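Each chain, letter by letter, is given below.
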Amino acid sequence: MSRFVQLHLLTSYPPANLNRDDLGRPKTAVMGGAERLRVSSQSLKRTWRTSDVFQQAMKNHLGTRTKRLGTKVYERMVAAGIDESDAMKWAREIADVFGALKKDGTEIEQLAHISPGEWAAVNQLVDRLIDERRAPKKDELKLLRTTPDAVDIGLFGRMLAADPVYNVEAACQVAHAISVHRVTIEDDYFTAVDDLNDGSEDMGASHIGETGFASGLFYSYVCIDRNQLIDNLGGNAELADAAIEALTRAAIQVAPRGKQNSFGSRAYASYVLAEKGDQQPRSLAVSFLRPVDGHDYGEQALRAIRTQRDHFDQVYGACADDRYEIDAFRGEGSLDALCAFLREQ
């Protein structure tokens, strides 16, 4: 089986504010001397990881990112009749396994990504402590796993600064999505009207505001190291392949949720190039170093990405062993066939 899976996507969004900066405006980046729209890789990964598409496909194999593990343990113990002082102390001992704690209370200072198996181990320990009305023993606090049974941890990694032996190297790299063309951020001035205002005294709006927006055709890039993912999942190749398919479907079909209620900017990828092989991966973002400019961004972007792909092959030799394309501009290819392609030996 090929080691690397690479996905190159072109996705068009109508006016939207998919991923906001600290001022609430769409994120941007300068590339090739031109300002582009940007959706951060963090936003994309969370969007895909928490999507119904991914969650349903990977049910029972997903981790939980939280600071509140100790809080949940404390609440369970108190509800079972453990003295609050003991419950606090014991909950802190358990939570401390997953990261340094805040000075007061049971919260972990940084988000910890906890696998289903680790949660189960915590719950079993809590049940035992409640039944026996005692504090945890040192050897009972070995709750972490070096190969956690969570595909999202396997894909996107985990860092535990306090216990690096349980860190997990990410098997998936996700680039920030950028528009293939120049953009101008515009402002949407909006008002809200009081439904009970009959206008007899005041015809004005009850609220006035504005929000930034822009539309764009985005290039996105994802690279998955299948061998690393299998190692992360304790050698479970079947689960690794299922995770790759679930992530692929989410990346193609699920839009970032930023301001969706205001803009309804859900979209599927209009073009996907899937590649697999043992060759060193490479992005095709350079296809858009010169921003697309004209009246048919889709056709121009498609031509640019295919030309750059072929030029890389001419210069470096074949950069992938095999490829499959979906072209929704022309109605060619299918998502099911693409997923079958990724599973083929």
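Anything mentioned here points back to the structure above.
Residues numbered from 1 in each chain as written. Predicted model: local features only at pLDDT ≥ 70, side-chain atom pairs only at ≥ 80, totals over all residues. Heavy atoms only, no water.

1. A few points about empty space enclosed by the protein
Short version of the rule: Points on a 1 Å grid, built from protein atoms alone, make a cavity when a 1.4 Å probe fits but cannot get out and make a pocket when they are open with protein on both sides within 12 Å along at least 5 of 7 lines; residues with an atom within 4 Å of a point are the lining residues. Grid points are joined across faces, edges and corners, and a volume is the space filled by probe spheres set on the points. What counts as a helix is a DSSP run of H or I of at least four residues, what counts as a strand is a run of E of at least two, and both are numbered from the N terminus.
Applying the stated criterion to the full structure yields three cavities of 30 Å³ or more. Quantified by volume, the largest cavity comes out at close to 120 Å³. Taken together, 15 residues form the lining of the largest cavity, with T11, Y13, L44, S220 and A251 sitting closest to its centre. Contributions of two or more residues to the lining of the largest cavity are made by strand 1 (4-16), helix 1 (41-49), strand 9 (207-225) and helix 8 (237-253). The biggest single contributor to the lining of the largest cavity is strand 1, with three residues. Empty space within the second largest cavity amounts to approximately 70 Å³.

2. Side note on the side chain of D313
Short version of the rule: Any pair of residues with heavy atoms lying within 4.5 Å of one another is described as a contacting pair.
Among the structural elements, D313 can be located in helix 10 (residues 297-316). Contact partners of D313, with chain neighbours within four places excluded, come to A318, C319 and R323.

3. Structural notes on a positive patch on the surface
Stated precisely, the cut-off is as follows: Two distance rules govern patches: like charges are joined within 9 Å, and nonpolar side chains (Val, Leu, Ile, Met, Phe, Trp, Tyr) within 5 Å, applied only to residues with over 30% relative accessible area and no salt bridge. Accessible surface is estimated by sampling points in the Shrake-Rupley manner with a 1.4 Å probe; for residues, cover comes only from the protein chains shown. The salt bridge criterion pairs a side-chain nitrogen of Lys or Arg with a carboxyl oxygen of Asp or Glu, the two atoms within 4 Å. Positive residues here are Lys and Arg, negative ones are Asp and Glu, while His and the chain termini are left out of the count. Taken as the charge location is NZ of Lys, CZ of Arg, CG of Asp or CD of Glu.
Taken together, R46, R65, R257 and R266 make up a surface patch of like positive charges. For R257, the position within the fold is in the loop between helix 8 and helix 9 (260-263).

4. A closer look at the packing of helix 3 (residues 69-79) against helix 5 (residues 116-132)
Selection rule: Lines fitted to the C-alpha atoms define the axes, with helices restricted to the stretch that makes contact. Angles between their N-to-C directions range from 0 to 180 degrees. Note that the term roughly parallel is reserved for angles under 35 degrees, roughly antiparallel for angles over 145, roughly perpendicular for angles of 65 to 115, and oblique for everything else. In this scheme the crossing of two helices becomes right-handed for a clockwise turn of the near helix relative to the far one and left-handed for an anticlockwise turn of less than a right angle.
Their axes nearest at 10 Å, the elements helix 3 and helix 5 cross at an angle of 30°. In terms of axis orientation, helix 3 runs roughly parallel to helix 5. In the packing of helix 3 onto helix 5, the handedness of the crossing is right-handed. Residue-level contacts link L69, V73, R76 and M77 of helix 3 to W119, V122, N123, V126, D127, L129 and I130 of helix 5.

5. Description of the nonpolar core
Our working rule: To form a nonpolar core, buried Ala, Val, Leu, Ile, Met, Phe, Trp, Tyr and Cys residues must be joined to one another through side-chain atoms within 4.5 Å. Only protein chains enter the area calculation, which uses a 1.4 Å probe; residues under 20% of their type maximum are buried, those over 50% are exposed, and those in between are partly exposed.
The biggest cluster of nonpolar side chains holds 53 residues, and the ones touching the most others in it are W48, F54, M58, L155 and L247. The element contributing the most residues to this core is helix 8, with 10 residues. Excluding residues within four positions of it along the chain, L247 makes contact with W48, F54, L155, F156, C172, V222 and I224. Within the second largest apolar cluster, 27 residues are counted, among which are V73, A87, I114 and L129.

6. Considerations on the packing of aromatic side chains
We apply this condition: Classification of ring pairs uses Phe, Tyr and Trp, with its six-membered ring standing for Trp, and accepts pairs whose centres are within 6.5 Å; under 30 degrees between planes counts as stacked, over 60 as edge-to-face, and the remaining range as tilted. Remark: a charge is flagged as sitting over a ring if the NZ atom of Lys or the CZ atom of Arg is within 6 Å of the ring centre and within 35 degrees of the ring normal.
Under the defined criterion, the tally for this structure stands at five aromatic pairs. Seen from their ring centres, Y13 and F218 are 5.7 Å apart, and the 75° between their planes marks the pair as edge-to-face. In this pair, Y13 is assigned in strand 1 and F218 in strand 9, connecting sequence segments 205 residues apart. Its guanidinium or amino end placed over the ring of F341, K276 lies 4.2 Å from that ring's centre, counting from NZ or CZ.

7. Let's talk about the environment of L284
Looking at the element boundaries, L284 is found in the loop between strand 10 (269-277) and helix 10. Taking the C-alpha atoms as reference, L284 lies 27 Å from V151; in sequence the two are 133 residues apart. For L284, the residues in contact, after removing those within four places along its chain, are H8, Y219, L273, I305, Q308, R309 and F312.

8. Brief notes about the pattern of salt bridges
Pairs can form between side chains of opposite charge whenever their charged atoms are close. Tallied over the full model, the rule gives 24 salt bridges. The partner of R323 in a salt bridge is D313, with the nearest N and O atoms 2.9 Å apart. Of the two residues, R323 is situated in strand 11 (residues 322-327) and D313 in helix 10; the sequence distance between them amounts to 10 residues. Residue D313 is classed as buried on the basis of its relative accessible area, which comes to 18%. Three or more residues joined by partner-sharing salt bridges are found here, namely E299, R303, R306, R309, D310, E325, D327 and R330.

9. Focus on unusual backbone geometry
Its identity is not glycine, yet N60 carries a phi of approximately 75°, on the positive side. Relative to the helices and strands, N60 resides in the loop between helix 2 (52-57) and strand 4 (64-66). Residue N60 is classed as exposed on the basis of its relative accessible area of 61%. Positive phi outside glycine occurs at K259, with the angle close to 55°. Assessed through its relative accessible area of 26%, K259 is described here as partly exposed.

10. Some details on the layout of surface pockets
To keep it simple, the criterion reads: Under the scheme applied here, ten amino acids are nonpolar (Ala, Val, Leu, Ile, Met, Phe, Trp, Tyr, Cys and Pro), four are charged (Asp, Glu, Lys and Arg), and all others, including Gly, are polar.
Quantified by volume, the largest pocket comes out at close to 380 Å³. R65, H113, F156, G157 and R158 are, among the 14 residues lining the largest pocket, the residues nearest its centre. At four residues, the largest contribution of residues to the lining of the largest pocket is made by helix 1. By residue class, the composition of the lining of the largest pocket is five nonpolar, four polar and five charged. Quantified by volume, the second largest pocket comes out at close to 160 Å³. Lining the second largest pocket, in full, are T50, S51, D52, Q253, V254, A255, R257, R266, A267 and Y268. Here the lining of the second largest pocket is built from residues that sort into four nonpolar, three polar and three charged.

Nothing here speaks to function; it is all geometry.
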